[in-house]
Number of protein chains: 2
Amino acid sequence: MQEQIRVGILGYGNLGRGVELALRANPDMKLAAFFTRRDPAALKTLTPEVPVYGVEQLKEMQGEIDVLVLCGGSATDLPVQSAEYAKYFNIVDSFDNHAEIPAHFARCDASAKEGGKVALISAGWDPGMFSLQRLLGNCILPNGSDYTFWGRGVSQGHSDAIRRIEGVQDARQYTVPVPEALERVRNGENPVLTTREKHTRECYVVAKPGADLDRIEREIKTMPNYFEPYDTTVHFISQEELNRDHAGIPHGGFVMRSGSTGVNGETPQMIEYALKLGSNPEFTASVLVCCARAVYKLHAKGKSGAVTIFDVPPALLSAKSGEELRKTLL
Amino acid sequence: MQEQIRVGILGYGNLGRGVELALRANPDMKLAAFFTRRDPAALKTLTPEVPVYGVEQLKEMQGEIDVLVLCGGSATDLPVQSAEYAKYFNIVDSFDNHAEIPAHFARCDASAKEGGKVALISAGWDPGMFSLQRLLGNCILPNGSDYTFWGRGVSQGHSDAIRRIEGVQDARQYTVPVPEALERVRNGENPVLTTREKHTRECYVVAKPGADLDRIEREIKTMPNYFEPYDTTVHFISQEELNRDHAGIPHGGFVMRSGSTGVNGETPQMIEYALKLGSNPEFTASVLVCCARAVYKLHAKGKSGAVTIFDVPPALLSAKSGEELRKTLL
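Analysis parameters
Residues numbered from 1 in each chain as written. Chains lettered and ligands numbered in written order. Predicted model: local features only at pLDDT ≥ 70, side-chain atom pairs only at ≥ 80, totals over all residues. Heavy atoms only, no water. Disulfide = S-S within 2.5 Å. Pairing = 2+ DSSP bridges. Helix = DSSP H or I, 4+ residues; strand = E, 2+ residues; numbered from the N terminus. Contact = heavy atoms within 4.5 Å. Axes fitted to C-alpha atoms, helices over the stretch in contact; angles between N-to-C directions. Least-squares fit on C-alpha atoms with pLDDT ≥ 70 in both.

K.L.:
Would you explain the state of the cysteines in this entry?
P.N.:
By definition, a disulfide links the sulfur atoms of two cysteines through a covalent bond. A complete count under the given rule lists zero disulfides over all chains for this structure. In this structure Cys139(A) is a free cysteine whose sulfur lies 5.5 Å from that of Cys290(B), the closest cysteine sulfur available.

See the structure below:
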């Protein structure tokens, strides 16, 4: 039997736990160690037989880890960690700050090249699988329009923004694509859609006792960038209802390429990719894990530097041989 | 400005014409020549300024063609042509006889390696984009089920089968996915579906004057493999109606991966890829053309042998640089 690919997880939040679970579904890979900035002895994982180390021990573990999956956040963790560890390990991250991707790529590329490692950045579903679908759609149908819709799903950033309002105890925000907009795109109308026409925002808010509900609702609906450009609905519910009905982290969305072919663009052609995810972090983690396999294989072929899903021959994401893939999936 | 990629087209039916048109949408590529087994002087193309040569002149044109796109059929043309020309040219074909793909790959691989060329086989949408989506779905969600539905669209093979029945003048057959089956899959039911439960077949038939319509309908509905395993409806119409209402070659379909993640597979995850194609050959041709670009780049990197879409880093399908792709589409 072939050796298993040894994977390390840095950061044990929802995403780290998702990677831990996804590895169980991939027998060619093995969870080798957790790394945490917290007290390792206090970290309770779902896989107690796998050791937990403090992050300061990470660099000593180069011989034990084939690929390090970074499970921190894009705001402050990954901008530092990815470039730092790409020198010592093959890494995969889910850096999702679109505007900062070129700079993040450049930093990781330099670091990974210095260490002779491969760094696959911005994996997941958006950026990630949605990006790949946008690329494919653009290559196949150069004459066309791109549409990306997100939801129905929980936006952590918008939920956090509501929680920062005075008098709010807890909140959950759902991003929802406007059905009429989806239908217009599907019908090949190639509409120009405003922000307001594409998505609505649904907020479930638990107010503190005695808080001014009207003021809270007004502050939400007029919050610049986050809510003001959207049609927003606010529902006040109890903490019990929030815990009972809104505990999950579902998400999803649609990438569409509406194009045309023919002598004068007379032939409509439509590509649609849709995700309906019971858990955003578990799905993202599942993408990170097959990307970790690809990173391992790219490194074994002598590749070094930063890459994205755009650079990965899809067969490398699979544990199966090219022959088997051609026979069963082509 | 960078040199344009010079493309040759072998075979000028619906697919060859589609490639001719798709190249117009890709300014980094150039249609260099048509090759035909017919009399070149008699071939009327949409691009009269591009020369038409007899197929016997093809091998003399190695210096003029960067990639040859083979536009013949999978039954008799491609099994011979692809392996023959892969020795002399980088090629792309749309070989779609799934059971024969491993043997076709092996023949093209040997030939392309002998000539130091790249042969990308079985490009298009199925095999092709649908295959790629099946692969991605399997890699991301190892615990899950695959579903592929075709249609609503014209099946040339089934239309031909009806035309061979005595008393039939012309016919068009549509393959139609069963809406209830699609819904069950979308709902995450992971149903086990029989052939009959997945697709129905709609036939539009022009009978010759005086033909026995009951016999024709019976012969269609009981035809083994083609129609017997399906619920089939037969509509007799006039040649004028067929020409007026059924002249197009639309097609499409759905690839779905219904999977689960979590500690005990408790989290449903659904991926759906859908195509709605105004013209099957024009879409297939559009895929072949971006694959031709990738083949050119793979060859320039020193690669030789047979490949499929599974082996192509997606960025190579695009005319844009990696930097531009990361900035605009990631």
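Additional details are given in the paragraphs that follow.
K.L.:
I would appreciate a short explanation of the sheet that holds strand β10 (residues 199–207) of chain A in the present structure.
P.N.:
Residues and elements named next belong to chain A. Spatially, four strands are ordered β8-β9-β10-β11 in an open sheet, and the strand pairing comes out mixed. Of all the strands in the sheet, just β8 (153–154) and β11 (231–236) have a single pairing partner and so form its edges. Direction of pairing for β8 relative to strand β9 (residues 168–177): antiparallel, over a ladder of two bridges. The residue bridging Gly153 from the neighbouring strand is Thr175, located in β9. Helix α8 (residues 213–221) contacts β9, β10 and β11 of the sheet and is inclined by roughly 150 degrees relative to β11.

K.L.:
Just checking my understanding: could you explain the relation of the copies chain A and chain B for this structure?
P.N.:
Think of it as a corkscrew move, a rotation about one axis and a shift along it, taking one chain copy to the other. With an RMSD of 0.0 Å, chain A superimposes on chain B once it is rotated by 180 degrees and translated 0.0 Å along the axis. Viewed as a symmetry operation, the transformation between the two copies matches a two-fold axis. When the interface residues of chain A are mapped onto chain B, 100% of them are again interface residues, pointing to one common binding face.

K.L.:
What's the story with the sheet that holds strand β2 (residues 29–36) of chain A in this structure? I'm lost.
P.N.:
Strands belonging to one sheet form pairs held by backbone hydrogen bonds; the direction of such a pair is parallel or antiparallel. Residue and element names in this part refer to chain A. Sheet architecture is open: seven strands sit in the order β3-β2-β1-β4-β5-β6-β14, paired in parallel fashion. Of all strands in the sheet, those bounded by a partner on one side alone are β3 (52–54) and β14 (305–307). Across this sheet, the average inter-strand angle for adjacent strands is 25 degrees, counted without regard to direction. Bridge analysis of β2 against β3 gives three bridges, and the strand direction is parallel. Paired with Thr36 across the two strands is Gly54, which belongs to β3. Strands in contact with helix α2 (residues 77–85) are β1 (5–10), β4 (67–70) and β5 (90–92); relative to β4, the strand with the most contacts, it is inclined by about 175 degrees.

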